[in-house]
Amino acid sequence: MCIRDRDSWDSGETFAAVKGGVEAHSHGHMDAGTFVFDAFGERWATELGVEEYGLNGYWNVESGRWQILRNRAEGHNTLIINPDGTGIDHTLYAHAPVTRFETKPKGVITAVDMSDMLSANAASAQRGYFLTDYRKSLVVRDEVELTGPSDLYWFMYTEALEGEIDGDSVILSKNGKKVRVDFVTNGRLTLYCEPAEPMEGMPSVAGEKVNDAFRRIRAKVTGSGKVSITAKITPVGVYATDVSAYD
């Protein structure tokens, strides 16, 4: 299931879409929890797109399909925990239902229950999205109850090829416009702004598409017990609340 909302039909205004549902089906990607975000007439959080159907293992939904970056969860704007190098980053045949959707003139709230998808490492996992600051900014909030000490990876792919890490934030630039992606977490945070390539130890398949037109924000959060990650994507220059307000 996909939920979309925007602050107007003007192409220069903000737009957000999120996805829940199932993954391991005929043409499916491992993309529950993913999102896109537009502002200033640019797409800041994007999808890498489809891969070639003829790649080795593509039609093997038990294992081979997830060896391909664009198909597995690592290749989408979602959350994974303790990746083991198989590429199966979410539980196969699991379901991530959309549990909340509220829209008002000044904001929109949506939530996806990721518990089934992340059940190998978490007793509960909830992902919420808040189009805030009068529908100008997007907050993505993860609340995870881990079953043991873990590394969580938060991803956002972008076509903004200029990125700068500033403390617990990443500033993205594209066509003379900028957004900030601010993070707050109760875990240990490490931020990367990097090429859109598999992480070390993760699989790849010969012939995969080159992702030179994209970069990736990766937030690694190490923690145990109840861990929260709040990320706020804010167009630079608009009225904005601090990310801590949503923690």
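The rules behind the values
- Residues numbered from 1 in each chain as written.
- Predicted model: local features only at pLDDT ≥ 70, side-chain atom pairs only at ≥ 80, totals over all residues.
- Heavy atoms only, no water.
- Helix = DSSP H or I, 4+ residues; strand = E, 2+ residues; numbered from the N terminus.
- Buried < 20%, exposed > 50% of the residue type's maximum accessible area, 1.4 Å probe, protein only.
- Polar contact = N/O pair within 3.5 Å; in protein donor to acceptor, adjacent residues only side chain to side chain.
- Contact = heavy atoms within 4.5 Å.
- Salt bridge = Lys/Arg side-chain N within 4 Å of Asp/Glu carboxyl O.
- Pairing = 2+ DSSP bridges.
- Axes fitted to C-alpha atoms, helices over the stretch in contact; angles between N-to-C directions.

A. Representation of the side chain of Glu-42 in the model. Tracing the chain through its elements places Glu-42 in strand E5 (residues 42–45). A relative accessible area of 10% places Glu-42 in the buried class. One polar contact links Glu-42 to Lys-177, side chain to side chain, over a distance of 3.1 Å. Those residues in contact with Glu-42 that lie beyond four places of it in its chain are Phe-37, Lys-174, Asn-175 and Lys-177.

B. Structural detail: the pattern of salt bridges. Per the stated rule, a full pass over the model turns up 16 salt bridges. Note that Arg-127 and Asp-142 form a salt bridge whose closest N and O atoms lie 2.8 Å from each other. Here Arg-127, found in strand E10 (residues 122–132), pairs with Asp-142, found in strand E11 (residues 137–146); they are 15 residues apart in sequence, far enough to count as distant. The pair formed by Arg-127 and Asp-142 is uniform in burial state, with each residue classed as buried. Among the salt bridges present, the one from Asp-182 reaches Arg-180, with a minimum N-O distance of 3.2 Å. With relative accessibility at 26%, the residue Arg-180 sits in the partly exposed group.

C. Spotlight on the pairing of E10. Summarising the sheet, strand E9 (residues 107–113) and E10 pair through six bridges and their orientation is antiparallel. Considered in E10, the bridge of Ile-109 is made with Phe-130. In this sheet, E11 lies alongside E10 in antiparallel orientation, the contact comprising 10 bridges. By the bridge assignment, Ser-124 is partnered in E11 with Glu-145. Between E10 and E11, which pair antiparallel in sequence order, lie four residues; one of them, Asp-133, sits at a positive phi of approximately 55 degrees.

D. Molecular detail of the sheet that holds strand E16 (residues 188–195). One open sheet accounts for four strands, arranged E6-E12-E17-E16; its pairing is antiparallel. A strand with exactly one partner marks an edge of an open sheet, and here the two such strands are strand E6 (79–81) and E16. Strand-to-strand, the axes of this sheet are offset by a mean angle of 20 degrees, without reference to chain direction. Judged from the nine bridges that link them, strand E12 (residues 150–158) and strand E17 (residues 215–223) form a sheet pairing that is antiparallel. In the strand pairing of E17, Met-156 is matched with Ile-217.

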